[in-house]
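Each chain is listed here by its residues.
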Amino acid sequence: MKSFFHVQDIGDLGAALKEALEVKANPFGWKHLGANRTIVLVFFNNSLRTRLSSQKAALNLGMNPIVLNVNGDSWKLETGMGVVMDSDKSEHLREAIPVIGSYCDIIGVRSFAGLKDMEFDYNETILKQFIEYSGKPVISLESATVHPCQAFADLITIEEHRTNKRPKVVLSWAPHPKCLPQAVPNSFAEWMNAADVDLVITHPEGYELDPRFAGNANIEYDQMKALEGADFVYAKNWSSTKPYGRNICRDSSWTIDKAHMDVTDNAFFMHCLPVRRNVIVTDEVIDSPRSLVIPEAANRVVSAQVVMKHMLEDMQ
Ligand code: SN0
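Residues numbered from 1 in each chain as written. Predicted model: local features only at pLDDT ≥ 70, side-chain atom pairs only at ≥ 80, totals over all residues. Heavy atoms only, no water.

Undergrad: So what's going on with the pattern of salt bridges? Residues and values would help.
TA: In total, this model carries 17 salt bridges according to the counting rule given. Here R162 and E159 are joined by a salt bridge, their closest N and O atoms 3.1 Å apart. Take E159: its relative accessible area is 28%, and that puts it in the partly exposed class. Between D196 and R166 there is a salt bridge; the shortest N-O distance is 2.6 Å. In this pair, D196 is assigned in the loop between α7 (183-194) and β8 (198-202) and R166 in the loop between α6 (148-161) and β7 (168-173), connecting sequence segments 30 residues apart. The partly exposed category is assigned to R166, whose relative accessible area is 41%. (Salt bridge = Lys/Arg side-chain N within 4 Å of Asp/Glu carboxyl O. Buried < 20%, exposed > 50% of the residue type's maximum accessible area, 1.4 Å probe, protein only. Helix = DSSP H or I, 4+ residues; strand = E, 2+ residues; numbered from the N terminus.)

Undergrad: Got a sec to walk through the site of the ligand? Specific residues and values, please.
TA: Around the ligand, the structure places F112, E142, H147, H176, K178, L180, P181, K236, C272, L273 and R276. One nitrogen or oxygen atom from the side chain of H176 is found 2.9 Å from an oxygen atom belonging to the ligand. Side-chain polar atom of K236 to an oxygen atom of the ligand: 2.7 Å apart, as the coordinates give it. For the shell around the ligand, the per-class residue count stands at 5 nonpolar, 2 polar and 4 charged. (Near = heavy atom within 4 Å. Polar contact = N/O pair within 3.5 Å; in protein donor to acceptor, adjacent residues only side chain to side chain. Nonpolar A, V, L, I, M, F, W, Y, C, P; charged D, E, K, R; others polar.)

Undergrad: If you had to explain the sheet that holds strand β2 (residues 64-69) to someone new, which residues and values would you point to?
TA: Taking strand neighbours across the sheet as the criterion, the 4 strands line up as β2-β1-β5-β6 in an open arrangement whose pairing is parallel. In this open sheet, the two strands that pair with only one neighbour each are β2 and β6 (138-140). Shown here is a sheet whose adjacent strand axes are inclined to one another by a mean of 20°, direction ignored. Alignment of strand β1 (residues 38-43) against strand β5 (residues 106-110), held across 5 bridges, turns out to be parallel. Each bridged residue has a counterpart across the sheet, and for V40 the counterpart in β5 is I107. Strand contacts of helix α5 (residues 125-134): β1, β5 and β6, with the helix running at about 170° to β6, the strand carrying the most contacts. (Pairing = 2+ DSSP bridges. Axes fitted to C-alpha atoms, helices over the stretch in contact; angles between N-to-C directions. Contact = heavy atoms within 4.5 Å.)

Undergrad: Mind laying out the sheet that holds strand β11 (residues 268-270), listing which residues take part and the relevant values?
TA: Here we have 5 strands laid out as an open sheet, ordered β9-β8-β7-β10-β11, and parallel in their pairing. The sheet is open, and its two borders are formed by β9 (218-219) and β11, each paired with just one other strand. Relative to β8, β7 runs parallel, the two being bridged by 5 bridges. Bridge pairing links V170 to V200 in β8.

What follows is the structure, encoded as C-alpha cells:
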C-alpha cells in the first residue's frame, strides 16, 4: 500500500475486516514485521486517540514510533508555495518533509481542513506534498477531507455488533459551537457505501457532503424520519458545505437524545470522540448500554495496525 486515504487503499474490504479481527485477537502476531522500522507521526492539530492508538499499533508491530508536534515543539512550518518567509514560520514544508522522510519508513500526518478555501482543502494540498516530497508511504491521520483510520475502526465496530446481514446505519449531523471539518463524515460515508449496510445521511440544508463521499446514500432532511428503524446511529457535527466551512445551524433539536433513540430499532450509538456532551448527545444516551464510543475508540488501534501491517508487508 503506497498511501492510506481512501477505502480502496485497503484492498478487498471483506478481507480487511477479517484481517482486523485476526489482528485484534492476536495483536503481537506480526511483531517481526516492524523490526528496525520507524514511523514518524506528524501532528499539526490536537489529538488524543489518534496519537495514542497509532503509537500503540506501531509498537504492537515491533516498529519505533516518533511523534512530532508541529506548532508545539518543532519549528513552525510554512505550507504555502512562493511565500516570502518573513513571518513567525521558520521552516518550509519543502525541506521539512524530505528531512522527516529520511528518518523513517512510514509517515502519518494529521492536518485538519483550514475551512477557508474549499479547493485548497479538497485537493488535500498538504498531504499531497507529504506524498510527493517524502518518498515514503503516508497515512492520513485526519487530513483536510478524510479520516480513514477512524472510518475503518467504525466499520470494525459495526461488524462486531451487527445482528442482521445488512444493518441500517444513520449518519446524523448534530450541533456544535465550533466550525468542524468534514473529514469524519466524508470517510464514514465513503466506507459505509463500500460496506454491506444501508446508509442514510441526515442533516440540515447547506450541510450536503461532497457526492464523491455521500455516494449512493439516502439523504433525508427529516432527522426523525431518517432514524426510524436504525440499527446504528452515528452522530457527528461538521461545518456547512454551502457556504463552505461555516456554522449556519445551531438548532438543538438535532442533539441526539432518548426521544431520537426511541424511534430506532434499539440502535447502538456511535461517535468518533471527542464529543461535546449535551450538545451532540445527551448524557443519558452516551452513558447507556447501547453506546459504543469506547469500543469504537479501542478499535482505532486495530484499524491503524492493519494499515501499517499492509505497508510493512509491502516492504518485506
Ligand atoms: C475533530 C473533527 O474533525 O471534528 C476531530 C475528530 C476526530 N474534532 C474536533 O476538532 C472537536 C473539537 C471540539 O472542541 O469539540
